[in-house]
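Take a look at the letters that make up each chain.
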Amino acid sequence: MTRVPKVDLHVHLEGTISPAMVTHLAERNKTKTPPGLIKEGSYNWQGDGTARGDLIAFVHAYDQATSVMKSAQDYTDITYDYLKRSADEGCIYAEIHISADHAAQVGLTYAEMLNAITQGYEKVKKENRIEMRLISTCVRHYGPEAALKVGKITHDHPHPLVTAFGMAGDENAYTAADFKSAFDASGLPHRTAHAGEAAGPESVRAARDILKIRRFGHMVRAIEDPVLMKELLAINAVPEVCVSSNLCLHAFKDYAAHPLRKFFDAGLKVTLGSDDPTFFSTSIGREYDIAQKHFGFSDDELKRITRNAIEEAFVDDTTREQLLNKLK
Ligand SMILES: [Zn+2]
């Protein structure tokens, strides 16, 4: 694996739960590991090989795996486990999507979830290897009302580690305009939204124009529209590129078809993310390796990607300086 310091700028906390952790939590919480979910230590969620079939299978596995989460301690353990694994691969900074909706499903308040995540982080931070910030994220397909609620909860419980508001979920649900109030309600200075993954260039345009997004979750399908590509370059847009996720969920059929290299060569401020790493059998280290092996990125170019991520990270300037110093 390349020794270049890495940054994971797009990852969902629940998407980092490992099969071993699912088994462990199921035992601790006196519930069953969902039958068929894990095979030989890996998630076994492959659908029928079609985009639709595989997406349904993935979402089902995700719901099954996270259904074993029952307590604040589970959030602490999952956070620690992910951060430790990432730090072991040379990741110096991670920005994690967290979901108040998911906390509610576990039976926790947003504040309880935050407290639990912070405890997992504090444990890793003692070793002084990795920094973390959080993005409070609404789920698009839960609808505008639920999203607004997340925005308000985020606003009412300010936390030093929560530095941005985000939107994930089914990009084809509702319109961008339906979620403007949720972003505004959060009162946070930074924002990102999933756009240009499951939907095309029009979704990126809507996120940019209506939600005022400049740092996009994915953005990869902007490649379909040369005019949009020029506009994105002009605003120095930042794509959070998650190659394994894109391939597993059929945004592109193979590495050759994926626009990572084209984005970088065009001058876009490319960053990398692991998205839901354990479900895509990946990690941030592996994503950097894929960039090197399949897209021909040199160590210097990978360093450029890490620098991009630090420059665009939702952190204060002191932390940004400290992280940039680790690149020297
Ligand atoms: Zn994502």
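Small disclaimer: the values here were computed from a predicted structure and weren't measured. (Residues numbered from 1 in each chain as written. Predicted model: local features only at pLDDT ≥ 70, side-chain atom pairs only at ≥ 80, totals over all residues. Heavy atoms only, no water.)

1. Here we look at the packing of helix 12 (residues 284–295) against helix 13 (residues 299–312)
The contact between helix 12 and helix 13 brings their axes to 10 Å, and the two run at 140 degrees. What the angle tells us is that helix 12 and helix 13 run oblique. Judged by the sense of rotation from one axis to the other, the crossing of helix 12 with helix 13 is right-handed. Between helix 12 and helix 13, the contacting residues are Tyr 288, Ala 291 and Gln 292 on the first element and Asp 299, Leu 302, Ile 305 and Thr 306 on the second. (Axes fitted to C-alpha atoms, helices over the stretch in contact; angles between N-to-C directions. Helix = DSSP H or I, 4+ residues; strand = E, 2+ residues; numbered from the N terminus. Parallel < 35°, antiparallel > 145°, perpendicular 65-115°, else oblique. Left-handed = near helix turned anticlockwise from the far one by under 90°. Contact = heavy atoms within 4.5 Å.)

2. Let's talk about the coordination of the zinc ion
All of the protein donors around the zinc ion are His 10 (NE2), His 12 (NE2), His 194 (NE2) and Asp 275 (OD); their distances to the metal are 2.1 to 2.3 Å. Relative to the metal, the four donor atoms surrounding the zinc ion lie at angles of 88 to 174 degrees, and the coordination shape comes out irregular. Donor residues for the zinc ion, ordered by position in the chain, follow H-x1-H-x181-H-x80-D. On the criterion of sequence distance, the pair formed by His 10 in strand 1 (residues 6–12) and His 194 in strand 7 (residues 190–195) is long-range, its members being 184 residues apart. Summarising the burial analysis for this pair, His 10 and His 194 share the class buried. (Donors = N, O, S within 2.8 Å, 3.2 Å for Na, K, Ca; no water. Tetrahedral: all angles 85-135°; square planar, octahedral: opposite > 155°, others 65-115°. Buried < 20%, exposed > 50% of the residue type's maximum accessible area, 1.4 Å probe, protein only.)

3. Brief notes about the pattern of salt bridges
Following the criterion strictly, the structure yields 26 salt bridges and no others. Across the pair Arg 191 and Asp 184 runs a salt bridge, and its minimum N-O distance is 3.2 Å. Judged by relative accessible area, Arg 191 falls into the buried class, the value being 18%. When the shortest N-O distance is used, the salt bridge between Glu 312 and Arg 214 registers 2.6 Å. Taken as a pair, Glu 312 in helix 13 and Arg 214 in the loop between helix 8 (201–211) and strand 8 (215–218) lie far apart in primary sequence, 98 residues in all. (Salt bridge = Lys/Arg side-chain N within 4 Å of Asp/Glu carboxyl O.)

4. Describing the packing of aromatic side chains
How two aromatic rings sit relative to each other is set out by the distance from centre to centre and by the angle between their planes. One pass over the structure, following the stated rule, counts eleven aromatic pairs. With 5.1 Å between their ring centres and 85 degrees between their planes, Phe 165 and Phe 183 make a pair best called edge-to-face. In this pair, Phe 165 sits in strand 6 (residues 162–168) while Phe 183 sits in helix 7 (residues 180–186), placing the two residues 18 residues apart along the sequence. Residue class for Phe 165 comes out buried when judged on its relative accessible area of 0%. (Phe/Tyr/Trp six-rings, centres within 6.5 Å; stacked < 30°, edge-to-face > 60°.)

5. Observations concerning the pairing of strand 4 (residues 91–98)
Taking burial as the measure, the eight residues of strand 4 include eight buried ones, the bulk of the element. Of the strand pairs in this sheet, strand 1 and strand 4 are connected by five bridges, and their pairing is parallel. Considered in strand 4, the bridge of Val 11 is made with Ile 96. Sheet analysis places strand 4 next to strand 5 (residues 131–139), joined by six bridges and oriented parallel. Residue Ile 96 lies in a different strand from strand 5, and its bridge partner there is Leu 134. (Pairing = 2+ DSSP bridges.)

6. Quick word on the sheet that holds strand 7
Across the sheet, which stays open at both edges, the eight strands sit in the order 1-4-5-6-7-8-9-10 with parallel pairing between neighbours. Edge positions in the open sheet fall to strand 1 and strand 10 (271–272), since each of these has one partner strand only. Bridge count between strand 5 and strand 6: six bridges; the pairing is parallel. Paired with Ser 136 across the two strands is Phe 165, which belongs to strand 6. Contacts from helix 13 reach strand 1, strand 4, strand 8, strand 9 (238–241) and strand 10, with the element oriented near 60 degrees to strand 1.

7. Points about the environment of Arg 304
For Arg 304, the location among the structural elements is in helix 13. When near neighbours in sequence (up to four residues on either side) are disregarded, Arg 304 contacts Phe 264 and Glu 311.

8. Topic: the domain arrangement of the protein chain
Considered domain by domain, the protein chain is made up of domain 1 (6–17 + 69–325) and domain 2 (18–68). Between the C-alpha centres of domain 1 and domain 2 the distance comes to 22 Å. Of the residues lining the interface, 21 residues belong to domain 1; the matching set on domain 2 comes to 21 residues. Carbon and sulfur atoms supply 63% of the area buried between domain 1 and domain 2, which totals about 1,700 Å² over both sides. Ionic pairing is found between Asp 77 and Arg 28, a salt bridge with its closest N-O pair at 2.8 Å. At the junction of domain 1 and domain 2, the tally comes to twelve residue pairs in polar contact (both at pLDDT 80 or more). When residues of the side of domain 1 that touches domain 2 are assigned to their parent elements, the largest contribution, six residues, is made by helix 3 (residues 72–88). (Domains from an automatic or database assignment. Buried area = accessible area lost by both parts, 1.4 Å probe. Polar contact = N/O pair within 3.5 Å; in protein donor to acceptor, adjacent residues only side chain to side chain.)

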